[in-house]
Amino acid sequence: MFAFLVRRAVEVTLTLAALILAVFLVLRLAPGGPAQVLLGPDRYTPALEERVNHSLGLDRSVPEQVVRWVRAVFAGELGTSYFHRRPASQVVLERLGATLILGGLSFGLSLAVGLTVGVIAAARHGSWIDRMLSHGAVAVIATPSFWLGIGLILLCSVWLGILPSAGLAPIGREGDLGARLRYLILPVLTMAASHAASLALYARSALLEVLSSDFVRTARAMGASARRVLWRHALSAAAVPIITIAALNLAHFLEGSIVVETIFGWPGIGQLTTASVARRDYPVLLVISLWAGMVVVTASLMADLLTRWLDPRTVDE
Amino acid sequence: MSCYSASSYPEIRRRLGSGWGRAVLGGLLLLLVLPSLLPLDPYRVDLDGLLKPPSLTHWLGTDDTGRDLLARLVLGGRATLGIALAATLIALALGTLGGALAAYRGGVADAVLMRLVDFGLAFPSLFAILLVASIVPPGPVPLIAVIGATGWMATARLVRAAVRQLAGAAYTEAARSLGASGGRVIWRHHLPNLAGVLVVVGLVQFSRSILAEATVSFLGFGVQPPAPTWGNLLMGAQTAVFTAPWLAIAPGVAVTLTLVALASLGLGTAPTRLPRLEKEADHHSHSKSHPPTPHPAPHPIDGRSELVVPRPHRPEHVTGQPVLPTRS
């Protein structure tokens, strides 16, 4: 276990270091710098661009910029947003709450729905219920989230008129929890859908594999009820791969947030990402990429630890 | 352990040549040539017919500048599918190269490449694509390059697993002992056996690339209007959803139908569950021990790690060997 932790710690450090450098190089070596964007087409002159680049430190040599950048990362100073004129990490941090609410609720919902559907489909393996659920899940995964979002807006906001189409809360009633929850329904549904569907398919196949194994047959032969076999024996054996996939999927909620927040005007990190790409606000993009990398690394580390905790037979490579 | 028998050139023809496969491939190919055959002009502006609902003259209606949606949908399909196809070929080439390099070289190259693959598979590729989109001017060529460059990892992982298995196969040893050079073994014996894996992972990658193109163009960082793609048709549609819902429906249906069709095609071609293949290749005989992180095959549609929906009572393979390596 100790050797495993040390090895993973080294891996995490190296991965993050590589990410820091890669993101930095990609952004800084790019043609067409931020100066043009900052100045705008009207005020742009080469002389002004030079001044802007100097004040941003973009005129130093690349190795020098790298050193400054790495030092800044470790000092917690991740640059100043070109657009907001404030520390980039502060800009990102302000948006974190909205994304966490949206992502957390979606993750919970997709876990609950996905597992339930997967267990039902596996329990009724081969029946029309199984076929319907499995094909439904494939169809849901095949639906791009941006189109699902637009479709839900069309259905619930335009035709039925029961739910708001975008935003965080009704103007003037920000403190009203019930009203705010109604603004969450469509984004959460959109974000959770494909994850729930893929988790359902995964849980189904993991369960089916376990259900065909010897110890399940033994349990049945010893007279355990179908329900007990499914919930006690099979599900606990299938839990490890399912939980691992769910943890790994966590990282992909970041991706989902980009699309969903853009559609629903949800002021979180995803929306900040698209806005920053459009503004070429590199420091903000650097911070977001670093955080995304950390979430990914943490999620896979958590998945590993969970696997070990749930299944002590897991062997070191 | 059986050799990787699910893959040879006739195998591809057999599987892609099934009814479903022909229908899907035919439909997609048709979309590629259709724009030049139909008497429709996707750029003709009709100022008398702005935002008109579907009618006999405009089967799918018109957009906010009076352009025919059907014409734009067909041309957009060619753009989306063309970009996705090119990106897929790049991803397959890079992935085969990376996976084969890791498998044949082993050692440090293997370790470094596979760490890279691990991270690349876990990192949300939309971030990477958007980062690059913020730097280079938008357009089809950068889009192809970046979707291809962020999509090679799944291929690399599967190719590596398959090559490792092939390298240990008896016929490899036989070929070598008969005096075949390393290059000849790779070219004549291993590459044809990889074809099946490449078709399956290629289909997954194709779906992923379609989705990626549509997403990036929807967000406005991909192919720029007036050139239509399935993604940027929806970008315009969102703002008009209250007045012209038909603009949002048709392109979405097109993407979804394509992905569902590709998924069923992928299920038909998948040599059942690929993850076992890797597990067996890496951990002989530990049939009950899970590797620290399971690496299931990419899902046929979104490419995230999923098990392929299993087909439990699959008939045995044409060669008579079970497709799944049997548990030891």
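Residues numbered from 1 in each chain as written. Chains lettered and ligands numbered in written order. Predicted model: local features only at pLDDT ≥ 70, side-chain atom pairs only at ≥ 80, totals over all residues.

1. Focus on the overall build of chain A
Right, on to step 1. Each helix and strand counted, chain A has 13 helices and zero strands in total.
Right, on to step 2. Mapped from its N terminus to its C terminus, chain A presents α and β elements in the order α-α-α-α-α-α-α-α-α-α-α-α-α.
Right, on to step 3. For chain A, the proportion of its 317 residues judged to be buried stands at 41%.
Right, on to step 4. Considering only intrachain contacts with a sequence separation of at least 6, the fraction spanning at least 24 residues in chain A is 71%. (Helix = DSSP H or I, 4+ residues; strand = E, 2+ residues; numbered from the N terminus. Buried ≥ 20, exposed ≤ 12 C-beta atoms within 10 Å, placed from the backbone. Contact = placed C-beta atoms within 7 Å.)

2. Quick look at the overall build of chain B
Right, on to step 1. If you tally the helices and strands in chain B, you get twelve helices and zero strands.
Right, on to step 2. Per-residue burial over chain B gives 49% buried out of 328 residues.
Right, on to step 3. Pairs at least 24 residues apart make up 71% of the contacts formed inside chain B by residues separated by at least 6 positions.

3. Details of unusual backbone geometry
Right, on to step 1. In this structure, P226 of chain B follows P225 of chain B across a cis peptide bond, with omega equal to 10°.
Right, on to step 2. Within the secondary structure layout, P226 of chain B lies in the loop between α9 (182-219) and α10 (230-239).
Right, on to step 3. The backbone of R85 of chain A shows a phi angle near 55°, a positive value even though the residue is not glycine.
Right, on to step 4. Turning to its location among the elements, R85 of chain A is positioned in the loop between α4 (62-75) and α5 (88-123).

4. Remarks on the packing of helix α7 (residues 153-167) of chain B against α9 of chain B
All names here are of chain B.
Right, on to step 1. Where α7 meets α9, the axes come as close as 10 Å, and the angle between the chain directions of the two elements is 155°. In terms of orientation, α7 lies roughly antiparallel with respect to α9. Of the two possible hands of crossing, α7 and α9 adopt the one that is right-handed. The segment α7 lies against α9, with A154, T155, L158, V159, A162, V163 and L166 engaging H190, N193, L194, V197, V201, V204 and Q205. (Axes fitted to C-alpha atoms, helices over the stretch in contact; angles between N-to-C directions. Parallel < 35°, antiparallel > 145°, perpendicular 65-115°, else oblique. Left-handed = near helix turned anticlockwise from the far one by under 90°.)

5. A few points about the nonpolar core
Right, on to step 1. Ranked by size, the top nonpolar core spans 156 residues in total, and within it I150, A200 and L207 of chain A together with I129 of chain B carry the most contacts.
Right, on to step 2. Ranked by residue count, the leading element in this core is helix α8 (residues 177-211) of chain A, at 17 residues.
Right, on to step 3. In this structure A200 of chain A touches G114, V117, G118, A121, L133 and A137 of chain A, once residues within four positions along its chain are discounted. (Core = buried A, V, L, I, M, F, W, Y, C linked by C-beta atoms within 7 Å.)

6. Some remarks on helix α11 (residues 252-264) of chain A
Residue and element names in this part refer to chain A.
Right, on to step 1. Counted at 1.5 Å a residue, the expected span for α11 with its 13 residues is 18 Å, and the 18 Å between its end C-alpha atoms agrees.
Right, on to step 2. Of all 13 residues that make up α11, 13 are buried, and the element is covered over most of its length.
Right, on to step 3. Phi turns positive one or two residues past the end of α11, at G265, with a value near 55°. (Expected span 1.5 Å × (residues − 1).)

7. Points about the confidence of the model for chain A
Right, on to step 1. The predicted model of chain A averages 80 in pLDDT, with 87% of residues at 70 or higher.
Right, on to step 2. In the model of chain A, helix α2 (residues 34-43) of chain A stands out as the element of lowest mean pLDDT, 59, in contrast to α5 of chain A, which has the highest, 89. (pLDDT = per-residue confidence, 0-100.)

8. Some words on helix α12 (residues 269-279) of chain A
Right, on to step 1. Among the residues making up α12 of chain A, those that are buried are I269, G270, Q271, L272, T273, S276 and V277 of chain A.
Right, on to step 2. Buried residues in α12 of chain A make contact with α5, α11 and α13 (282-310) of chain A together with α5 (125-133) of chain B.
Right, on to step 3. Residue R280 of chain A follows α12 of chain A closely and has a positive phi angle near 55°.

9. Quick look at the confidence of the model for chain B
A low pLDDT score tells you not to read the predicted coordinates there in detail.
Residues and elements named next belong to chain B.
Right, on to step 1. Summing up the model confidence of chain B, the mean pLDDT is 72 and the portion of residues at 70 or higher is 71%.
Right, on to step 2. Of all helices and strands in chain B, the one with the weakest mean pLDDT is helix α12 (residues 274-282) (37), whereas helix α6 (residues 140-149) scores best (90).
Right, on to step 3. The low-confidence segment residues 1-8, where pLDDT is below 50, has 30 contacts with residues more than four positions distant or belonging to other chains.
Right, on to step 4. With pLDDT under 50 throughout, residues 269-328 is counted as low confidence; its partners more than four residues away or in other chains account for 138 contacts.

10. Points about the environment of S236 of chain A
Residues and elements named next belong to chain A.
Right, on to step 1. With respect to the element layout, S236 can be found in helix α10 (residues 226-250).
Right, on to step 2. What makes S236 exposed here is the crowd of 12 C-beta atoms within 10 Å.
Right, on to step 3. Remark: the alpha-carbon pair of S236 and D311, spanning 75 residues in sequence, is separated by 10.0 Å.

11. Observations regarding the environment of L130 of chain B
Right, on to step 1. Following the sequence through the fold, L130 of chain B ends up in helix α5.
Right, on to step 2. On the neighbour-count criterion, L130 of chain B (26 C-beta atoms within 10 Å) is buried.
Right, on to step 3. Linking L130 of chain B and Y43 of chain B, residues 87 residues apart in sequence, is a C-alpha distance of 28 Å.
Right, on to step 4. Other than its neighbours up to four places away in sequence, L130 of chain B contacts T273 and V277 of chain A together with F221 of chain B.

12. Quick look at the environment of V259 of chain A
Right, on to step 1. Topologically, V259 of chain A is positioned in helix α11.
Right, on to step 2. With 23 C-beta atoms counted inside 10 Å, the residue V259 of chain A sits in the buried group.
Right, on to step 3. In this structure, the C-alpha to C-alpha distance between V259 of chain A and R279 of chain A, residues 20 residues apart in sequence, is 17 Å.
Right, on to step 4. Ignoring any residue separated from it by four or fewer positions in sequence, one finds V259 of chain A in contact with S145 and F146 of chain A together with T215 of chain B.

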